[in-house]
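Residue-level listing of the chains:
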6 protein chains.
Amino acid sequence: MEKTTQENFKAIKLRLAALAAAAPSIIGQFGKLSQTASADGLVSSKVKELTATAIAISKGCDDCVAYHVQKAKQLGSTKDELIEFVAVAIEMGGGPAVVYGAKALEYYELAGS
Amino acid sequence: MEKTTQENFKAIKLRLAALAAAAPSIIGQFGKLSQTASADGLVSSKVKELTATAIAISKGCDDCVAYHVQKAKQLGSTKDELIEFVAVAIEMGGGPAVVYGAKALEYYELAGS
Amino acid sequence: MEKTTQENFKAIKLRLAALAAAAPSIIGQFGKLSQTASADGLVSSKVKELTATAIAISKGCDDCVAYHVQKAKQLGSTKDELIEFVAVAIEMGGGPAVVYGAKALEYYELAGS
Amino acid sequence: MEKTTQENFKAIKLRLAALAAAAPSIIGQFGKLSQTASADGLVSSKVKELTATAIAISKGCDDCVAYHVQKAKQLGSTKDELIEFVAVAIEMGGGPAVVYGAKALEYYELAGS
Amino acid sequence: MEKTTQENFKAIKLRLAALAAAAPSIIGQFGKLSQTASADGLVSSKVKELTATAIAISKGCDDCVAYHVQKAKQLGSTKDELIEFVAVAIEMGGGPAVVYGAKALEYYELAGS
Amino acid sequence: MEKTTQENFKAIKLRLAALAAAAPSIIGQFGKLSQTASADGLVSSKVKELTATAIAISKGCDDCVAYHVQKAKQLGSTKDELIEFVAVAIEMGGGPAVVYGAKALEYYELAGS
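Residues numbered from 1 in each chain as written. Chains lettered and ligands numbered in written order. Predicted model: local features only at pLDDT ≥ 70, side-chain atom pairs only at ≥ 80, totals over all residues. Heavy atoms only, no water.

Q: What should I look at first to understand the overall build of chain A in this one?
A: Counting secondary structure elements, chain A contains five helices and zero strands. Along chain A, from the amino end to the carboxyl end, the secondary structure elements read α-α-α-α-α. For 113 residues, the compact-globule estimate of 2.2 N^0.38 gives 13 Å, and chain A sits close to it at 14 Å. C-alpha atoms of chain A, sized along the principal axes, occupy 40 × 35 × 25 Å. In chain A, buried positions account for 63% of the 113 residues. Restricting to contacts in chain A with at least 6 residues of sequence separation, those with at least 24 account for 70%. For chain A, the exposed area adds up to about 4100 Å²; of that, 53% sits on carbon and sulfur atoms. Side chains of chain A carry 12 positive and 12 negative charges; the gap between the two charge centres is 8 Å. (Helix = DSSP H or I, 4+ residues; strand = E, 2+ residues; numbered from the N terminus. Rg over C-alpha atoms; globule rule 2.2 N^0.38 Å. Buried < 20%, exposed > 50% of the residue type's maximum accessible area, 1.4 Å probe, protein only. Contact = heavy atoms within 4.5 Å. Areas by Shrake-Rupley, 256 points an atom, 1.4 Å probe, with all protein chains shown as cover. Lys, Arg positive; Asp, Glu negative; His and termini not counted. Charge placed at Lys NZ, Arg CZ, Asp CG, Glu CD.)

Q: Where do I start with the interface of chain E and chain A in this structure?
A: When the parts come together, some accessible area is lost, and that loss is often what is quoted as the size of the interface. Contact with chain E, which involves 29 residues of that partner, is made by 29 residues of chain A. Buried area between chain E and chain A, both sides added, is near 2500 Å², and the carbon and sulfur share of it is 71%. Ranking the residues of chain E by area buried against chain A places Glu84(E), Glu91(E) and Met92(E) at the top, with a combined share of 26%. For the pair chain E and chain A, the number of links is two salt bridges. Lys48(A) is the partner of Glu84(E) in a salt bridge, and the nearest nitrogen-oxygen pair spans 2.8 Å. At the boundary of chain E and chain A, one finds 10 residue pairs in polar contact (both at pLDDT 80 or more). Considering every element that reaches the side of chain E that touches chain A, the biggest residue donor is helix α5 (residues 79-110) of chain E, with 11 residues. Classifying every residue of the side of chain E that touches chain A by side-chain character gives 17 nonpolar, six polar and six charged. (Buried area = accessible area lost by both parts, 1.4 Å probe. Salt bridge = Lys/Arg side-chain N within 4 Å of Asp/Glu carboxyl O. Polar contact = N/O pair within 3.5 Å; in protein donor to acceptor, adjacent residues only side chain to side chain. Nonpolar A, V, L, I, M, F, W, Y, C, P; charged D, E, K, R; others polar.)

Q: Before we go on, may I ask you to explain the interface of chain F and chain A in this structure?
A: Across the contact, 16 residues belong to chain F and 15 residues belong to chain A. Across the chain F to chain A interface the summed buried area is about 1300 Å²; carbon plus sulfur atoms make up 83%. Its largest share of buried area at the contact with chain A, chain F owes to Val98(F), Val99(F) and Ala102(F), together 30% of the area lost on that side. For the interface between chain F and chain A, the tally reads two salt bridges. The partner of Lys103(F) in a salt bridge is Asp63(A), and the shortest N-O contact between them spans 3.8 Å. Here chain F is connected to chain A by zero residue pairs in polar contact (both at pLDDT 80 or more). The residue makeup of the side of chain F that touches chain A, split by class, is 10 nonpolar, three polar and three charged.

Q: Is there a simple way to think about the relation of the copies chain F and chain A in this case?
A: A rotation about an axis combined with a shift along that same axis relates the two copies of the chain. For the pair chain F and chain A, the superposition axis carries a translation of 0.0 Å, the fit reaches an RMSD of 0.0 Å, and the rotation angle comes to 120°. Such a combination of turn and shift is consistent with a three-fold rotation axis. For chain F, the minimum C-alpha distance to the rotation axis belongs to Gly60(F) and amounts to 4.7 Å. (Least-squares fit on C-alpha atoms with pLDDT ≥ 70 in both.)

Q: Please clarify how helix α5 (residues 79-110) of chain D should be interpreted in this entry.
A: Residues and elements named next belong to chain D. Its 32 residues give α5 an end-to-end C-alpha distance of only 12 Å, which falls more than 12% under 46 Å, the value for a rise of 1.5 Å per residue. At Gly-93, α5 shows its maximal kink, close to 140°; a proline, Pro-96, follows between one and four residues later. With respect to burial, α5 is a largely interior element, 29 of its 32 residues being buried. (Expected span 1.5 Å × (residues − 1). Bend = angle between axes of the 7 residues up to and from the residue.)

Q: Honestly, the relation of the copies chain E and chain A in this entry has me stumped. Any pointers?
A: With an RMSD of 0.0 Å, the operation that places chain E on chain A is a rotation of 180° combined with a shift of 0.0 Å along the axis. Viewed as a symmetry operation, the transformation between the two copies matches a two-fold axis. When C-alpha positions in chain E are compared against the rotation axis, the closest is assigned to Ile55(E), at 2.7 Å. The overlap is high: 100% of the interface residues of chain E also sit at the interface in chain A, so the same surface is used on both sides.

Q: Explain the packing of helix α2 (residues 24-38) of chain B against helix α2 (residues 24-38) of chain E to me, please; I cannot follow it from the model alone.
A: Geometry of a packed helix pair, given as the angle between the helix axes and the separation of the axes. Put simply, α2(B) and α2(E) touch, their axes get as near as 9 Å, and they point 170° apart. As far as their axial angle goes, α2(E) and α2(B) are roughly antiparallel. The two elements α2(B) and α2(E) meet at a crossing, and its hand is left-handed. For the pair α2(B) and α2(E), contact is made by Ser25(B), Ile26(B), Gln29(B), Phe30(B), Lys32(B), Leu33(B), Thr36(B) and Ala37(B) and by Ser25(E), Ile26(E), Gln29(E), Phe30(E), Lys32(E), Leu33(E), Thr36(E) and Ala37(E), respectively. For the contact of α2(B) with α2(E), the class distribution of residues is eight nonpolar, six polar and two charged. (Axes fitted to C-alpha atoms, helices over the stretch in contact; angles between N-to-C directions. Parallel < 35°, antiparallel > 145°, perpendicular 65-115°, else oblique. Left-handed = near helix turned anticlockwise from the far one by under 90°.)

Q: Even after reading the chapter, I still don't get the nonpolar core, so can you show me in this structure?
A: Inside soluble globular proteins, nonpolar side chains tend to come together where they are buried. One finds Ile90(A), Ile90(B), Ile90(C), Ile90(D), Ile90(E) and Ile90(F) to be the most contacted residues of the largest nonpolar core, which totals 252 residues. Every residue in contact with Ile90(E), bar those within four places of it in the chain, is listed here: Leu33(A), Ile26(D), Ile27(D), Phe30(D), Ala97(E) and Val98(E). (Core = buried A, V, L, I, M, F, W, Y, C linked by side-chain atoms within 4.5 Å.)

Q: How should the pattern of salt bridges be read in this particular structure?
A: Should their charged atoms come close, side chains of opposite charge can pair. One pass over the full model with this rule turns up 42 salt bridges over all chains. Two residues, Asp63(F) and Arg15(F), come together in a salt bridge whose shortest N-O distance is 3.0 Å. Within this pair, whereas Asp63(F) is found in helix α4 (residues 62-74), its partner Arg15(F) is found in helix α1 (residues 2-22), the two being separated by 48 residues in sequence. Accessibility classification places Asp63(F) together with Arg15(F) in one group, the buried group. Residues joined by salt bridges that share partners form a network here, namely Arg15(A), Asp63(A), Asp62(F), Lys103(F) and Glu106(F).

Okay, structure coming up:
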């Protein structure tokens with residue numbers, strides 16, 4: 001499973017890079033929007049990535065969970081902080097959020113720090 | 001394919017167990033909520049699992065479909081009953097519900113009874 | 001509030017009638033699909049309308065909740081049966097399903113039987 | 001009803017203007033993204049607004065339907081063109097798309113051209 | 001508009017109270033789940049309510065936005081903090097999140113502190 | 001990856017065929033609805049399949065993206081046309097639409113023409 005997940009992280013990045021190459025204008029604009037949304041401010045980038053993870057869980061977007069969990073871990077999020085955001089996602093999403101919350105935890109364990 | 005799906009059922013369970021171990025409080029609360037929602041009452045547990053399956057189909061939550069179809073089968077749901085709930089999900093979800101309804105049928109065939 | 005909801009039921013029907021008049025082909029096809037999905041079979045029409053209500057709650061589709069709750073009531077659903085389907089929707093949808101489940105109950109009380 | 005919808009169009013615009021004033025950075029970035037996405041290209045702006053309408057219908061976002069239908073009408077979309085996009089939304093969204101498709105038609109009739 | 005929103009806050013509360021009275025078991029369980037998810041911990045209750053607001057925006061659940069924005073304000077959230085969470089919701093939800101983000105801001109202004 | 005995707009296309013078709021065999025009535029009705037929605041009219045079938053693709057992206061329905069991208073390519077859609085519809089989906093869906101838009105591009109490259 002661990003190998004599969006690492007390959008999955010890699011496949012996501014390759015796919016996003018291919019889209020960015022084919023559609024530089026819209027992906028460039030989205031990149032700027034994303035930077036603005038996730039920049040350190042009154043709220044830290046770490047908390048913003050955890051919030052994005054909680055939204056991704058509640059939307060059932062698997063690759064988005066993988067992507068934002070990785071970023072949150074790189075910004076120093078502990079596993080216990082992640083779990084508190086997973087709990088909010090479960091409050092707002094029920095059973096499907098349990099399922100994707102479990103994936104978030106799995107991706108957290110496997111992501112490089 | 002059959003082997004892959006059995007492995008998938010197993011992976012879902014392992015992932016949920018890992019989340020339950022890491023987040024016993026919120027998963028414990030969710031477990032109680034889930035038991036209350038799916039208990040036999042005026043409506044049978046079987047029909048409730050089939051309803052949860054129909055909701056999972058309409059939300060496009062793959063693992064949730066696998067989970068609730070298994071439970072419905074264990075509670076005695078026939079394939080033809082499942083199909084009637086898939087039809088309601090299609091009425092309420094269009095094309096994406098056709099796609100996940102097809103997965104529900106596949107998971108039903110492969111699930112242990 | 002009661003008057004507003006009755007007006008809302010009426011507005012939904014008028015809007016759907018206007019769409020059916022303007023787009024008879026696609027709405028005619030959808031009508032046949034809907035009849036097939038909700039017909040009495042192994043599962044009763046009443047249970048199918050309650051299932052459609054639970055899906056509508058989990059999707060947060062207000063007018064759909066109003067429409068299918070009315071149909072379920074006309075087919076003899078009691079309030080306590082409705083509540084058991086609301087509970088499944090809450091299991092599968094968390095907080096937003098609580099909010100739309102509360103609307104389902106309100107629409108049930110106000111709908112004609 | 002007509003008056004209510006005109007007031008609704010106005011309320012949407014006021015609300016968006018208030019957000020833009022309070023959050024100029026993120027709304028400015030979103031505005032650029034939106035312009036890039038909806039600019040005339042291989043596909044006309046009119047078709048892009050109709051596509052945005054179809055997505056809004058399939059997401060059940062009422063104000064988004066109102067906003068993009070208005071834009072499509074201003075760009076010359078006929079009612080019959082709109083209806084063909086509503087049909088695709090119904091294929092991809094089932095009953096909830098019927099409900100929001102009916103709203104799209106109502107908003108089209110009431111929007112200024 | 002201000003009066004309408006205050007009436008809307010009140011209507012939401014009455015509707016939830018009616019559901020709680022009719023379905024004490026499932027709503028009681030959900031209440032415990034919600035308390036567990038939103039309790040002060042490594043992450044503050046305030047940040048958790050803002051996260052719930054961001055999820056509600058990204059789901060397009062109007063009443064949920066109203067409910068969680070009120071709670072966040074009562075817990076001391078400033079308008080500028082709210083806006084940073086709205087920005088994350090826009091990153092994860094595009095146009096529909098702009099529309100519901102604008103509602104979040106409106107509800108914030110009108111909510112009692 | 002290429003082989004995996006071709007196998008995935010095949011698995012989707014087999015699954016849909018199995019559902020159609022088990023549930024001929026509802027799938028037959030859905031087939032007619034789908035034909036009505038995607039027929040050449042004021043708007044071309046090609047544009048309708050690209051619109052269905054954009055909706056599938058915004059819903060995060062992976063198999064639906066694969067299915068409708070294939071159809072759009074068979075009807076003559078170029079990669080650059082696809083990208084303009086992906087851009088509208090990103091405007092209406094944010095980050096998750098970027099992720100599924102990247103999948104749409106991958107499926108386009110691998111689909112037979």
